[in-house]
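A structural walkthrough
Next come the chains, spelled out residue by residue.
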Amino acid sequence: MGLRFEEIDWQETPQGEISLRRRRDPVVDADVYEVKLGEEYLMSSLFTVAEIELARIGLAALDRSPLRVLVGGLGLGCTAAAVLEDDRVADLTVVEASAPVLDWHRRGLLPDVAGLAEDSRCTLVHDDFFARMRREPETAYDVIALDIDHTPRHVLHHSHEGFYSVAGLTDLTRHLVPDGVFTLWSDDPPDADFETHLAQVFTATSSHVVEFANPLTGGTSSNTVYLGRRG
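Overview of the structure. (Residues numbered from 1 in each chain as written. Predicted model: local features only at pLDDT ≥ 70, side-chain atom pairs only at ≥ 80, totals over all residues. Heavy atoms only, no water.)

Focus on the layout of surface pockets
Estimates place the volume of the largest pocket at around 1000 Å³. Lining the largest pocket are 45 residues, with Leu-42, Met-43, Asp-147, Ile-148 and Leu-156 positioned closest to its centre. Listed by contribution, the elements that provide at least two residues to the lining of the largest pocket are strand 3 (30-37), strand 4 (40-44), helix 2 (78-84), strand 6 (89-96), helix 4 (129-134), strand 10 (204-214) and strand 11 (219-229). When residues of the lining of the largest pocket are assigned to their parent elements, the largest contribution, four residues, is made by strand 4. Across the lining of the largest pocket, the residue classes tally to 21 nonpolar, 16 polar and eight charged. Its volume calculated, the second largest pocket comes out at about 180 Å³. In terms of lining residues, the second largest pocket is bounded by 14 residues, among which Thr-48, Leu-76, Cys-78, Asp-112 and Val-113 are the most central. Taken together, the elements giving at least two residues each to the lining of the second largest pocket come down to helix 1 (49-60) and helix 2. Per-class residue counts for the lining of the second largest pocket are nine nonpolar, two polar and three charged. (1 Å grid on protein atoms, 1.4 Å probe; cavity = no way out; pocket = protein on both sides within 12 Å on 5 of 7 lines; lining within 4 Å. Points joined across faces, edges and corners; volume = space filled by probe spheres on them. Helix = DSSP H or I, 4+ residues; strand = E, 2+ residues; numbered from the N terminus. Nonpolar A, V, L, I, M, F, W, Y, C, P; charged D, E, K, R; others polar.)

Written as structure tokens, this is what we have:
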């Protein structure tokens, strides 16, 4: 057994100080990887069920192949890895605004998703997902999955706020094929206002409450995956 706690990487970024840490958790008897932005916890490898479902729910909505997928937010790589588990996926682009996060994956610092950066179907891109959605599309995707902000109301930066409006979601649809699917991860229960915005933009929408065991509380926690489909 190695160190009980290790700060694997720490870097200053335009978004603030970002760090990758590993600690040995005695409750689950496993190494837990955590990402912090300043003093705020962004993600933990203890809780990845909903991030994986973010990919699976979007892909399950389509019954054809091949599929071209865009993931907004790389993080610990769980959503991207789940996308690549689907043999129908021919091309995956992952857009990440934080250069250190891209570096962690290229250096293989996260053993649970080792090899993600080397997969021939996967392209990691250093870019602002929200700015990209406002630009003219370079290509059209079958599925766009987004996991960057905590919720449509609790965003990491104020510049993200406009994306969750009808206008922002309409910009995103330009990057989808005519029957394309958008999925969004949220830490909160379904938000009625955001569901209304989705319904104004997409032909079919749904909100999926994803429950998972929480070893820290001994109970169950949940996240939400929103889905919107064009055409």
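Here the narrative resumes.
A short note on the pairing of strand 2 (residues 16-25)
Here strand 2 lies mainly inside the structure; seven of its 10 residues are buried. Bridge count between strand 1 (residues 5-13) and strand 2: eight bridges; the pairing is antiparallel. In the sheet register, Glu-12 faces strand 2, and the bridge partner there is Glu-17. In this antiparallel pair of consecutive strands, strand 1 and strand 2, the connection spans two residues. Relative to strand 3, strand 2 is paired through eight bridges, and the arrangement is antiparallel. In the sheet register, Ser-19 faces strand 3, and the bridge partner there is Lys-36. (Buried < 20%, exposed > 50% of the residue type's maximum accessible area, 1.4 Å probe, protein only. Pairing = 2+ DSSP bridges.)

Focus on empty space enclosed by the protein
Enumeration according to the criterion identifies two cavities of 30 Å³ or more in this entry. Space inside the largest cavity adds up to approximately 70 Å³. Residue lining of the largest cavity: Arg-132, Arg-135, Glu-136, Pro-137, Glu-138, Thr-139, Tyr-141 and His-175, and that is the complete set. Looking at the lining of the largest cavity, its residues break down into two nonpolar, two polar and four charged. Lining of the second largest cavity is provided by Trp-104, His-105, Gly-108, Leu-109, Leu-110, Val-113, Ala-114 and Gly-115. Looking at the lining of the second largest cavity residue by residue, the classes come out as five nonpolar, three polar and no charged.

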